[in-house]
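Take a look at the letters that make up each chain.
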Amino acid sequence: MNIRLKFYASLRKHLPGTEIGEEVVIEIIQGSTIKDVINSFSITEDLAKIIFINGIHKNLDYILEENDLLVIFPPIGGG
Amino acid sequence: MINEIIRINVSSMTHTMEEIPEKYKYLGGRGLTSAIVADEVDPKTDPLGPGNKIVFAPGILSGTSAPTSGRLSVGAKSPMTGGIKEANAGGLTATRLAKLGIKALIIEGEPNHEDWYHLYVSKDKIEFIKANEHANMGLYELIGKLWEKYPKSGLVGAGIAGQRLLKNAGIFGNNPENTDPGRYAGRGGLGAVLGSKRIIAIITDDDGGQRPMPKNEELFNTGRTKMVNALKEHAITGGKAGTDEGALKNYGTNVLQNIINEAGALPTKNFRSGYFEGAKNISGEAVHELVDEMKEKFGDKSEGEYGHACHPGCIIRCSNTVPDKNGKLIVSPLEYESAWALGTNCTIDNLEDVAMLNRICNDIGIDTIDAGNALAVAMEAGKIPWGDGKAAIEFMKKGYDPNDEDGATFMHGAAVAAKTWGIDRVAVVKGQAFPAYDPRPIRGIGVTYATTTMGADHTAGYTIAPEILGSAGGADPRELNKADLSRAFQSTTAYIDQAGYCLFIAFAILDIATGMEGLEETVAGFLGKEKYDITAVGNKILKTEREFNKKAGFTKEDDRLPKFFSEEKLPPHDVTFDVTDEELDAVFEKM
Ligand code: SF4
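Residues numbered from 1 in each chain as written. Chains lettered and ligands numbered in written order. Predicted model: local features only at pLDDT ≥ 70, side-chain atom pairs only at ≥ 80, totals over all residues. Heavy atoms only, no water.

Turning next to the domain arrangement of chain B. Residues and elements named next belong to chain B. Splitting chain B by domain gives domain 1 (4-204), domain 2 (250-433) and domain 3 (443-589). Inter-centroid distance (C-alpha atoms) of domain 1 to domain 2 is 25 Å. Taken together, the contacts link 38 residues of domain 1 with 40 residues of domain 2. Summed over both partners, the interface of domain 1 with domain 2 buries about 3,000 Å², with 51% contributed by carbon and sulfur atoms. The largest per-residue losses of area from domain 1 upon contact with domain 2 belong to Y140, N168 and R187, which jointly make up 23% of the total buried on that side. (Domains from an automatic or database assignment. Contact = heavy atoms within 4.5 Å. Buried area = accessible area lost by both parts, 1.4 Å probe.)

So, on to the side chain of B:H234. All names here are of chain B. Along the chain, the position of H234 falls in the loop between helix 6 (217-233) and helix 7 (247-251). In this structure H234 comes out as buried when scored by relative accessible area, which is 10%. Polar side-chain contacts of H234 include one of 3.0 Å to the backbone nitrogen of I236. With residues near it in sequence (within four places) discarded, H234 still touches F507, A508, D511 and I512. (Helix = DSSP H or I, 4+ residues; strand = E, 2+ residues; numbered from the N terminus. Buried < 20%, exposed > 50% of the residue type's maximum accessible area, 1.4 Å probe, protein only. Polar contact = N/O pair within 3.5 Å; in protein donor to acceptor, adjacent residues only side chain to side chain.)

Residues and elements named next belong to chain B. Taken as a whole, the largest pocket holds about 540 Å³ of empty space. As for the largest pocket, its lining consists of 27 residues, of which I2, N3, G101, P212 and F526 are closest to the centre. Going through the elements one at a time, helix 2 (93-99), strand 6 (102-108) and helix 20 (513-527) are the ones with two or more residues in the lining of the largest pocket. In terms of residue class, the lining of the largest pocket is made up of 13 nonpolar, seven polar and seven charged. (1 Å grid on protein atoms, 1.4 Å probe; cavity = no way out; pocket = protein on both sides within 12 Å on 5 of 7 lines; lining within 4 Å. Points joined across faces, edges and corners; volume = space filled by probe spheres on them. Nonpolar A, V, L, I, M, F, W, Y, C, P; charged D, E, K, R; others polar.)

The next thing to look at is the interface of chain A and chain B. In this complex, chain A contributes 23 residues to the contact, which on the side of chain B involves 34 residues. Summed over both partners, the interface of chain A with chain B comes to about 2,200 Å²; 60% of that surface belongs to carbon and sulfur atoms. Of all residues in chain A, A:I20, A:I76 and A:G79 bury the most surface against chain B, accounting for 29% of the area lost on that side. Linking chain A to chain B there are three salt bridges. Between the two partners, chain A and chain B, sit nine residue pairs in polar contact (both at pLDDT 80 or more). Residue composition of the side of chain A that touches chain B, by class: eleven nonpolar, eight polar and four charged. (Salt bridge = Lys/Arg side-chain N within 4 Å of Asp/Glu carboxyl O.)

Residues and elements named next belong to chain B. For the structure shown, the criterion picks out 41 salt bridges over all chains. In this structure, the salt-bridge partner of K25 is E22, at a minimum N-O distance of 3.7 Å. By relative accessible area, which is 56% here, E22 ends up exposed. One network of salt bridges, in which partners are shared, links R7, E18, E40, K53 and E108.

What follows covers the site of the ligand. Residue and element names in this part refer to chain B. Around the ligand, the structure places T68, R71, H308, C310, H311, C314, I316, R317, C318, S319, C502 and F504. If you map the ligand onto the pockets, it falls in the largest cavity. Considered class by class, the residues forming the shell around the ligand number six nonpolar, four polar and two charged. (Near = heavy atom within 4 Å. Sits in = over half its atoms within 2 Å of the grid points.)

For the rest of this paragraph, the subject is unusual backbone geometry. Cis rather than trans, the peptide bond between B:S332 and B:P333 has omega equal to -5°. Here B:P333 is to be found in the loop between strand 14 (329-331) and helix 10 (336-342). For the bond from B:P571 to B:P572, the omega torsion is 5°, close enough to zero to count as cis. For B:P572, the position within the fold is in the loop between helix 22 (564-567) and helix 23 (581-589). Even without glycine at this site, A:N54 takes up a positive phi of about 50°. Within the secondary structure, A:N54 is located in the loop between strand 3 (50-53) and strand 4 (56-57). If you check the backbone angles, B:M13 has positive phi at about 55° while not being a glycine. Here B:M13 lies in the loop between strand 1 (4-9) and strand 2 (14-19).

The structure is reproduced here in structure tokens:
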């Protein structure tokens, strides 16, 4: 099944050639969690600090559904 | 001079020096400005009249070796909110004042002349310098001229807007390189208070001054080490510019543009949507790329920069310089709040236009957040087309013309602009415009906007840290019971503001327990106290401010968000602000 994926800030290097905020469609195995996705990109758990599924915070154990928008940020702050 | 309060009287054009009284001995920064304003200013006085006073105070630790502690607090009764105000900023002045042994500089009285003056403060003398030739001058030019005469000096003051007593006038400050007047204690119209005293700039020269020394060096040093380590270790405050590590050093505060957008909470088109397609174009990542691109093209000649420090001694260094296509400085810094207000909120997504709008704000002397909200109001009124950056720039330039009515209305800020132009839709609390987080999907920050003594202000109780950024174990942004969270953040913030630390140390100390210890130990060690409890001290500052506001006439009804936030659903999550009035009132009732 397909999900949509966006990486921001220092994580964007894992999607080479994409523009800031560009959405990439990837194919995953049914039942995959967010953890499985980040593992497949060799992103460590502490770097996948802020995770949204369709704009709502989720944690690494969330099981992805068809066409979910998965957005991941490393630890960031501002104000 | 050591541990002194300098009182400048603009009626008699004289000054006095007083030893710091016992009751203020353990105060600094916001704690001191708020205490002095509460003690000496009648809450009902006209903010631009003879009864108001403006107070400049370095933080307790400013000028010491504590990292990231060189912040300056400025306080007065606010012409914008009608309540007490403290705004703080980096720049050079806090460390200069601290090294001169000045705990607070109070400007009071009513000028009985029509002239403009600068105030020169150094070890040997304090004097008024006639400055009529500098009135109504853009601030980029002004700071350049002042540094020719007073090299390396700290500069703060009132720009064109402040000199004309307009309500959105900020207190500008020069950056360490003196390339930009953009270190603003921007909010609440304090520039107009200084303007009412007919002072343009305060020039501080710390030649011959001394670094303030802690009373208990051991405790201070222990705390300092803990603080430095926490700031270096944490992924947000640490790292290195130009590497994968260190969010603030690489992307600045404007890294939030994309995350708040993805959370569906980025106020777009005057708070009509929580998502802006163009956000990425004006985000911290976009600035980072532009800086890299210009460096590649022009090498060291490019003035673009990230990982810049807004004051000597900051090790977080979130500031930046946005270059134009020739590598020349447009503005420094471009922060999240400014890029949002002048960009997203007006649906402008051209980075160069947004940077230029910020530059004009810096040049004429106004706060960017209220300016962006006022621009959106001008768009509501049909004076500028939505999303048209070039038209917005032309509109803002009206501010230079003292005879242009729209320009003056705009420079009063969003609340006055809305009233004057007959627009109902304006996001303000206590007359001060909202910052860059829509409170409908993120409830805690709405509680802070509503209840802080400052008028709508995110820094006063930055619950975004747990609600969105996962700090301190995280908090659900939709949860409605946020009085405790907001109160805790408001209180800790007051303590940080009093210490002179930058609020951004919060990311590290909320997650690293020894960092939090370092906060208290540096302050207690400096003051020679065994303990200096964070919550108790923070609460005391808040109570002083709250009491002032009460006497100024504020009631519970002033602690509310504009109605449309509870009535109109915000896409894409279609949520309203559902926090009850009782919950809002609990912030101070349960303190
Ligand atoms: S973290 Fe940023 S705003 Fe804070 S003191 Fe450092 S450069 Fe200034």
